[in-house]
Amino acid sequence: MSGVDLSVEIAGVKWKNPVTVASGTFGSGMEFADFADLNRLGAVTTKGVASKPWKGNDTIRVVETASGMLNAIGLQNPGIETFIERDIPFLNKYDTVKIVNVVGKTVEEYVDVVRALNGQPVDMLEINISCPNVKEGGIAFGQDPKAAAEVTKAVKEASEKPVIMKLSPNVTSIADMAKAVEEAGADAVSLINTLTGMKIDINRRAFVLANKTGGLSGPAIKPVALRMVYEAAHAVNIPVIGMGGIASASDAIEFIMAGATAVSVGTANFNNPEVTMEIVDGIRDYLEKNEIRSVKDIIGIL
Amino acid sequence: MIYREKITVTSNERLTDDIFDLKFNTKNIAKDAKPGQFINVYSADASRLLPRPISICEVTGDEIRLVYRTVGEGTREFSRLQKGDERFVTGPVGNGYDTDFLNGNFKSAALFGGGAGIPPMVELSKRLDIKTDVFLGYRDVLFLNNDFPENVTVHIATEDGSTGTKGNVMDALRESGVTPDVICACGPMPMLKAIKAYSEEDVIKTYFSLEERMACGVGACLGCVCKTKETDEHSKVDNARICVDGPVFDAEEVIL
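Quick summary incoming for the structure in this document. (Residues numbered from 1 in each chain as written. Chains lettered and ligands numbered in written order. Predicted model: local features only at pLDDT ≥ 70, side-chain atom pairs only at ≥ 80, totals over all residues.)

Within chain B, the regular secondary structure consists of 6 helices and 17 strands. A globule of 256 residues ought to have a C-alpha radius of gyration of about 18 Å, and chain B, at 18 Å, matches this closely. Here the C-alpha coordinates of chain B stretch approximately 50 × 45 × 30 Å along the principal axes. Buried residues in chain B amount to 49% of all 256 residues. Residue pairs at least 24 apart in sequence account for 59% of intrachain contacts in chain B once pairs closer than 6 positions are excluded. (Helix = DSSP H or I, 4+ residues; strand = E, 2+ residues; numbered from the N terminus. Rg over C-alpha atoms; globule rule 2.2 N^0.38 Å. Buried ≥ 20, exposed ≤ 12 C-beta atoms within 10 Å, placed from the backbone. Contact = placed C-beta atoms within 7 Å.)

The next point concerns the overall build of chain A. If you tally the helices and strands in chain A, you get 9 helices and 16 strands. Rg of the C-alpha trace for chain A: 18 Å, near the compact-globule value of 19 Å for 302 residues, within the 12% margin. The long-range share in chain A, meaning contacts at least 24 apart out of those at least 6 apart in sequence, stands at 72%.

We now examine the sheet that holds strand E11 (residues 165–166) of chain B. All names here are of chain B. Strand order across the open sheet formed by 7 strands is E11-E10-E9-E8-E12-E13-E16, with mixed pairing between neighbours. The open sheet is flanked by E11 and strand E16 (248–250), the only strands paired with a single partner. Against the sheet, helix H5 (residues 169–176) makes contact with strand E8 (108–114), strand E9 (131–138), strand E10 (153–158) and E11, and its axis sits at roughly 130° relative to E10, the strand it touches most. (Pairing = 2+ DSSP bridges. Axes fitted to C-alpha atoms, helices over the stretch in contact; angles between N-to-C directions.)

A few words now on the packing of helix H6 (residues 222–235) of chain A against helix H7 (residues 249–258) of chain A. Residues and elements named next belong to chain A. With their axes 8 Å apart at the nearest point, H6 and H7 run at an angle of 25° to one another. Classified by the angle their axes make, H6 and H7 are roughly parallel. Two secondary-structure elements touch here, H6 through Lys222, Leu226, Val229, Tyr230 and Ala233 and H7 through Asp251, Glu254, Phe255 and Ala258. Among the residues making up the contact of H6 with H7, the classes are represented as 6 nonpolar, no polar and 3 charged. (Parallel < 35°, antiparallel > 145°, perpendicular 65-115°, else oblique. Nonpolar A, V, L, I, M, F, W, Y, C, P; charged D, E, K, R; others polar.)

All names here are of chain A. For helix H9 (residues 275–289), which comprises 15 residues, the first-to-last C-alpha distance of 21 Å matches the rise-based estimate of 21 Å (1.5 Å per residue) to within 8%. Val275, Thr276, Ile279, Val280, Ile283 and Leu287 are the residues of H9 that are buried. One face of H9 carries all of its buried residues, which in axial projection span an arc of 145°. Those residues of H9 that are exposed and angled more than 90 degrees off the buried face are Asp285 and Lys289. Glu291 occupies a position one or two residues after H9 and carries a positive phi of about 50°. (Expected span 1.5 Å × (residues − 1). Arc of directions from axis to C-beta.)

A word on the interface of chain B and chain A. Across the contact, 25 residues belong to chain B and 34 residues belong to chain A. Grouping the amino acids of the side of chain B that touches chain A by side-chain chemistry returns 13 nonpolar, 6 polar and 6 charged.

This part takes up the sheet that holds strand E3 (residues 38–41) of chain B. All names here are of chain B. A sheet is described by the order of its strands in space; here 7 strands give the open sequence E4-E3-E7-E1-E2-E6-E5, paired in antiparallel fashion. The two strands at the open ends of the sheet, each matched to only one other strand, are strand E4 (52–55) and strand E5 (58–60). For this sheet the average axis-to-axis angle between neighbouring strands, irrespective of direction, equals 35°. Sheet topology places E3 next to strand E7 (residues 86–93); 3 bridges connect them, and they run antiparallel. Each bridged residue has a counterpart across the sheet, and for Asn40 the counterpart in E7 is Thr90. Against the sheet, helix H4 (residues 119–126) touches E4, E5 and strand E6 (63–69), its axis set at about 50° to E5.

Residues and elements named next belong to chain A. You can see Pro121 is positioned in the loop between helix H2 (107–117) and strand E8 (124–128). The spacing of Pro121 and Val97 is 24 residues in sequence and 10.0 Å in space, taken between C-alpha atoms. Here Pro121 is in contact with Ile88 and Asn92, once residues within four sequence places are set aside.

On to the packing of helix H4 (residues 145–158) of chain A against helix H5 (residues 174–183) of chain A, then. Residue and element names in this part refer to chain A. Where H4 meets H5, the axes come as close as 8 Å, and the angle between the chain directions of the two elements is 30°. Considering the angle they form, H4 stands roughly parallel to H5. Of the two elements, H4 crosses H5, and the hand of that crossing is right-handed. Contacts between H4 and H5 involve Pro145, Ala148, Ala149 and Thr152 from the first element and Asp176, Met177, Ala180, Val181 and Glu183 from the second. Class assignment for the residues of the contact of H4 with H5 results in 6 nonpolar, 1 polar and 2 charged. (Left-handed = near helix turned anticlockwise from the far one by under 90°.)

Have a look at this one:
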């Protein structure tokens, strides 16, 4: 069987295939352009950008754990001005959906970034209310349905682009969080961000990460992520972008069957910078082998 | 350009208890490789998902030589590699030393290597055509001290005094009476701090190759930053990425 349809549509935006990258693991694509053809990605999701430059946390910022890693970068970013001057023109050379991840310490800061992106040639916004590594903003908005709804409403009012709310797994009920942002007007949700974790160096008798805690990602979190994507997809009617430990096409297909319209590949890019290409090809191979005409036919079949 | 290649090991020898010497041929990496750059070596075990960044010790034709210390499970896996084994690598990564600039602007160089910081000084010394003194600091057991070109003077310091100067590389420098025009150094932070204090006092141009825990190894994740004196052009904050903006930095530009 040839010519299977890999395209999906999220909030009126057509993706050529359901594969994007998880924010923060791929820069704005520049550093991976030696390895992956960005034209072959369904979408590029950028590193989070704030209204002003953020310096992030002290080092050590990253450490490997069993089948995963902890990071506490602290959302270091050059600010929206530089992002618009440098990163958007770079991304514009590629025929892919552009998703800008937006971070803020206050509702006003999120809105400032969103307003600055109105009129820019980007397709969608992903609002990060789930970073566990910054004291203000980030996860503070992502663990309380009311606060999450407040950010969603403000961003939706300010933005001319479709808005994806990125959810934290560090909550009691992911379904409640997804419903709260859906009711507040979100066009889609993406999940999961990292799970808060810790590592101790017993020889130094100290925390490995300067930030003490960090976000756990990688294959270690995949079963948790899959369960949460399934729960969120059954709680809301807006599309879900699934992520958390995806390292192969079969991982990606699991998330799609659990209800994800699209998937993001994150930490796996560090293990194999070409992995996104292998995942796109692998999803196509699976559909062909199983004589499934469109990837849309397996979204949420469970 | 950073290349991803599947390499086949040509040899992997033990030099000391915990120092190993890995050689493999590459299609493109060796052609572009400069001293001070590094190679990301990927584990065959999917549960160890981050690459191990290892500095380039020598480049000979298409061959890359990495001399590394076993510090954890990842490097212990590499220590068991045998001729014919395959691994993925990416490289060359980082800026490396600008040897044309060093040769064109200075009359004499002192290269400092401490422990696992010694390997990059081998290739660097091979590409310098100015008077070069190398200062190597060890705990006790020596390695790579016989791998430097003949026109280079090698000075050795051991902590236990078993060979050369008893003490560290700064003690060996004082004993030698060498007064270099330029310094290049790689090694533990106390060594770099001592060199910085010395070079600032005597106003000697100094370059450090730095290390830090890395994740992506290609400049995307912002895991391995160091603090800079001025606002960095890429980050727009006072942080530079060690992996791709370094690992070689002008000592005046970074805060140790």
